[in-house]
Amino acid sequence: MSLTRRDFTKLLLGGGLLGWLGSVLYPIISYLRPPKIAEANVQSVKAGSAAAFAANHAEIVKFGRKPVILVRTASGEFRAFSATCTLLECIVQYRGDLEQIWCACHNGLYDLHGRNVSGPPPRPLEEYAVNVVDDEILVSRLA
């Protein structure tokens, strides 16, 4: 089969159009896609002074790029868990009146051991180790 001038012109114009379309769309797509950022391998963070942390209170602490909820129970014991709900990755809160961790997105509850006790969360919260050294609270990954 021989290529006619008309077919050759269609092929040339079609290829040029595809090339132009690619040269326009590639930078737009590259701009809209976020770059891959390597996450720092954080093993522990300082969370503040133990004396300044009230009993039956919680705070959200940054652990690398992930939030961690640090809870001081009514008995004064410190506990730390991942602050993202295991269902929809919403940020959880501590409810001092219930002495439980609560997810406002779907009313899920976790106990102070990170176990899901009501609502739709499928699994417990990831637990972190908490140590108090010279009145400084250190939150670290469990070994």
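The structure we're discussing is the one just above.
Bear in mind the structure is a predicted one, so any value in this text is a computation, not a measurement.

**Some remarks on the state of the cysteines**
Per the counting criterion, the structure on display carries one disulfide. Covalent S-S linkage joins Cys-90 and Cys-105, the inter-sulfur distance amounting to 2.0 Å. Judged by the torsion about the S-S bond (-115°), the Cys-90/Cys-105 disulfide is left-handed. One end of the pair, Cys-90, is in the loop between strand S4 (78-82) and strand S5 (93-95); the other, Cys-105, is in the loop between strand S6 (100-103) and strand S7 (108-110), with 15 residues separating them in the sequence.

**A look at the sheet that holds strand S8 (residues 116-118)**
Spatially, four strands are ordered S5-S6-S7-S8 in an open sheet, and the strand pairing comes out antiparallel. Taken across any chain shown, the strands that pair with only one partner, and hence form the sheet edges, are S5 and S8. Averaged over all pairs of adjacent strands, the angle between their axes in this sheet comes to 40°, without regard to strand direction. Relative to S7, S6 runs antiparallel, the two sharing three bridges. Paired with Cys-103 across the bridge in S7 is Gly-108.

**Here's the deal with the environment of Pro-124**
Tracing the chain through its elements places Pro-124 in the loop between S8 and strand S9 (127-133). With ten residues separating them along the chain, Pro-124 and Gly-114 place their C-alpha atoms 5.4 Å apart. Those residues in contact with Pro-124 that sit more than four places away from it in its chain are Thr-86, Tyr-110, Gly-114, Arg-115 and Asn-116.

Cut-offs and rules
Each residue is numbered by its place in its chain's sequence as written, counting from 1. Given that the model is predicted, a residue must reach a pLDDT of at least 70 before its local features are reported, and side-chain atom pairs must reach 80 or more before they are shown or counted; all residues, however, enter totals for whole chains, interfaces and linings. With hydrogens and water stripped out, all remaining heavy atoms of the structure feed into the side-chain values. Cysteine sulfur pairs qualify as disulfides if the two atoms are within 2.5 Å. Comment: elements are numbered from the N terminus, with helices defined as DSSP H or I runs of at least four residues and strands as E runs of at least two. Two strands make a pair as long as DSSP finds a minimum of two bridges between them. Helix axes are fitted to C-alpha atoms over the stretch in contact, other axes to C-alpha atoms as well, and angles between N-to-C directions run from 0 to 180 degrees. Only heavy atoms enter the contact rule, under which two residues are in contact if any of them lie within 4.5 Å.

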